[in-house]
Amino acid sequence: MNILITGGAGFIGSHVVRLFVNKYPSYRIVNLDKLTYAGNLANLRDIEDRPNYSFVRADIADIDAVRRVMADHDIDAIIHLAAESHVDRSIKDPFTFARTNVMGTLSLLQAARERWEASPTGYEGKLFYHISTDEVYGALPLTHPEGTPSPFTTAASSATHHQAYGTEFFTETTRYTPHSPYSASKASSDHFVRAYHDTYGLPVIVTNCSNNYGPYQFPEKLIPLFINNIRHGRPLPVYGRGDNVRDWLYVEDHARAIDLIFHRGTPAETYNIGGFNEWKNIDLIRVIIRTVDRLLGNPEGHSDRLITYVTDRKGHDMRYAIDSRKLQSELGWEPSLQFEEGIEKTVRWYLDNPEWLDSVTSGDYLRYYDEMYTRR
Ligand code: NAD
Ligand code: TYD
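A brief report on the enclosed structure follows. (Residues numbered from 1 in each chain as written. Chains lettered and ligands numbered in written order. Predicted model: local features only at pLDDT ≥ 70, side-chain atom pairs only at ≥ 80, totals over all residues. Heavy atoms only, no water.)

### Regarding the packing of aromatic side chains
Each aromatic ring pair is described using two quantities: the centre-to-centre distance and the angle formed by the ring planes. Under the criterion given, the structure shown has 21 aromatic pairs. With a centroid separation of 5.2 Å and 75° between ring planes, the pair formed by Phe152 and Phe169 is classed as edge-to-face. Of this pair, Phe152 sits in the loop between β6 (148-149) and β7 (163-164) while Phe169 sits in the loop between β7 and α5 (181-200), placing them 17 residues apart in sequence. Phe152 sits in the buried class, given a relative accessible area of 18%. You can call Phe169 buried: its relative accessible area is 12%. Through a chain of ring-to-ring contacts, the aromatic side chains of Tyr213, Trp248, Tyr250, Trp279 and Phe339 assemble into a single cluster. Sitting above the plane of the Tyr200 ring, Arg113 keeps its charged end 3.7 Å from the centroid. (Phe/Tyr/Trp six-rings, centres within 6.5 Å; stacked < 30°, edge-to-face > 60°. Helix = DSSP H or I, 4+ residues; strand = E, 2+ residues; numbered from the N terminus. Buried < 20%, exposed > 50% of the residue type's maximum accessible area, 1.4 Å probe, protein only. Lys NZ or Arg CZ within 6 Å of the ring centre and 35° of its normal.)

### A closer look at the sheet that holds strand β13 (residues 278-280)
The sheet built from three strands is open, its strands ordered β9-β11-β13 with mixed pairing. Two strands lie at the open edges of the sheet, namely β9 (211-213) and β13, each paired on one side alone. For this sheet the average axis-to-axis angle between neighbouring strands, irrespective of direction, equals 50°. One ladder, built from three bridges, connects β9 with strand β11 (residues 245-250); its direction is parallel. When the sheet's bridge partners are listed, Asn211 is paired in β11 with Trp248. Sheet strands touched by helix α8 (residues 281-296): β11 and β13. Its angle to β13, the strand with the most contacts, is close to 90°. Strands in contact with helix α10 (residues 339-352) are β9, β11 and β13; relative to β9, the strand with the most contacts, it is inclined by about 55°. (Pairing = 2+ DSSP bridges. Axes fitted to C-alpha atoms, helices over the stretch in contact; angles between N-to-C directions. Contact = heavy atoms within 4.5 Å.)

### Quick look at the pattern of salt bridges
For the structure on display, the rule yields 20 salt bridges. Among the ionic pairs, Asp46 bridges to Arg18, the shortest N-O distance being 2.8 Å. Remark: Arg18 occurs in helix α1 (residues 11-23) and Asp46 occurs in the loop between β2 (28-33) and β3 (53-57); sequence separation between them is 28 residues. We classify Asp46 as partly exposed; its relative accessible area is 44%. Classification of Arg18 as buried rests on a relative accessible area of 14%. (Salt bridge = Lys/Arg side-chain N within 4 Å of Asp/Glu carboxyl O.)

### Quick notes on the site of ligand 2
In the vicinity of ligand 2 lie 18 residues, with Glu135, Pro237, Arg246, Arg313 and His316 positioned nearest. The contact in question runs from an oxygen atom of ligand 2 to an N or O atom on the side chain of Asn281, over 2.9 Å. Between His316 and ligand 2, the recorded distance is 2.7 Å, taken from a side-chain N or O atom to an oxygen atom. Alone, ligand 2 offers 510 Å² of accessible surface; in the complex the protein occludes 97% of this. Put simply, the parts of the chain that give the shell around ligand 2 at least two residues each are α6 (222-232) and β10 (236-239). Residues of the shell around ligand 2, tallied by class, amount to eight nonpolar, five polar and five charged. (Near = heavy atom within 4 Å. Polar contact = N/O pair within 3.5 Å; in protein donor to acceptor, adjacent residues only side chain to side chain. Areas by Shrake-Rupley, 256 points an atom, 1.4 Å probe, with all protein chains shown as cover. Nonpolar A, V, L, I, M, F, W, Y, C, P; charged D, E, K, R; others polar.)

### A look at the site of ligand 1
In the vicinity of ligand 1 lie 28 residues, with Ile12, Asp33, Ser85, Tyr182 and Lys186 positioned nearest. Interatomic distance of 3.0 Å between a backbone N/O atom of Thr36 and an oxygen atom of ligand 1. In the model, an oxygen atom of ligand 1 is placed 2.7 Å from a nitrogen or oxygen of the Tyr182 side chain. Coverage of ligand 1 by the protein chains reaches 97% of its 830 Å² of free accessible surface.

### Some details on the pairing of strand β12 (residues 270-273)
Neither face of β12 is open: one carries Thr270 and Asn272, the other Tyr271 and Ile273, and all of them are buried. Sheet topology note: the strand β8 (residues 204-209)/β12 ladder contains four bridges and is parallel. The residue of β12 that forms the bridge with Asn208 is Asn272.

### Some thoughts on helix α7 (residues 251-264)
Each turn of an α-helix holds 3.6 residues, which means side chains three or four residues apart point in the same direction. In this model α7 runs 20 Å from its N-terminal to its C-terminal C-alpha over 14 residues, within 8% of the 20 Å that 1.5 Å per residue would give. Buried within α7 are the following residues: Val251, Asp253, His254, Ala255, Ala257, Ile258, Asp259, Ile261 and Phe262. (Expected span 1.5 Å × (residues − 1).)

### Things to note about the side chain of Asn272
Within the secondary structure, Asn272 is located in strand β12. The class of Asn272 is buried, set by a relative accessible area of 0%. Here the side chain of Asn272 touches Phe170 through a polar contact of 3.0 Å, landing on its backbone oxygen. In this view, Asn272 contacts Tyr137, Phe170, Thr171, Glu172, Asn208, Ile322, Asp323, Ser324 and Leu327; residues no more than four positions away in its chain are not counted.

Here's what the structure looks like:
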């Protein structure tokens, strides 16, 4: 099987590429990535010389380039992760998000349709697997601001803090209500994927995952940004009051879910992926501070002074919480890491790889943040 993975030089994509290249030596894995600020081939150094791996630098919105890659590598299946992925950037520059996330996904769908419809076996054995996010469902109300014991669990749920902050969860049938330009562009791309199934019969699967954390995440997202800032003694910008809630999953468990669904999922279905692991931002931030300080040998509480409340994100979604019971019950998925292990592993990885952090945080990086958020 020849598999095209888009966005394989990014955070989640690099974990998916590594898993497939290592686990399936008989598959040929083609990584197509534009290498934007978020794409980094250093994320794949350990597998780049494997005979079943190749890299193509291209833009998914360039349909001719995509057609060429589909033909040159005789692609049977696509796992589509390439996207602009950061909400704050989408607030500043929504057009780039529409171009890549909407037009780029449409180019891939059309190129796949043309190629597979013209093949002697048609759509048989073909799959377009689209990776999406829980953010398309909008925001859930915070009916329990102080938390209440969560009714659901997976192996990824925190051992010491297993709370839900409301009674509702996002299921596969929750109505789409995106609020940010990022989530609007992802929602639109999801609709195009389903439209290609309903109109042309393209075999598709869509999965919507909660917030990921782990190694190789660009330090503009909460967890790696805060680890890096603590390392440098820089302020930790907490948006609003820090009471927004996110549901966190270790990235390798997302990659394992993608592997399982790619092989055993039912075409035309949607699966939600999440670990029932909700955290209020400020509580998570305190866990990060405690873990970094401990691993750096600082006294407990040393970096608390870095917490800096800043203006809130525009349209900041209050709470995300994924109901992943369909994936658990139909395909038997269980995450491998509990939150406490995952966060320890993650902090250790960033502290052990300062050269990776330094190499991706040069140039315009700091100026960008100074412009975006001001201290209150
Ligand atoms: P990322 O920003 O780390 O990586 C995105 C990758 O896509 C980069 O390698 C970048 O170079 C590439 N890319 C961007 N524009 C491109 C274009 N026009 N053509 C080709 N390549 C392009 O993102 P991520 O966090 O790894 O997310 C990957 C996917 O998973 C996205 O579709 C995102 O919406 C989805 N997702 C992310 C999360 C999360 O918590 N990070 C959660 C759920 C779903
Ligand atoms: P982020 O990692 O950007 O993911 P998303 O917005 O896609 O959920 O942010 C996670 C949460 O942390 C979100 O509620 C916004 C908040 N946040 C901060 O408070 N400060 C920051 O510097 C960042 C990047 C995020």
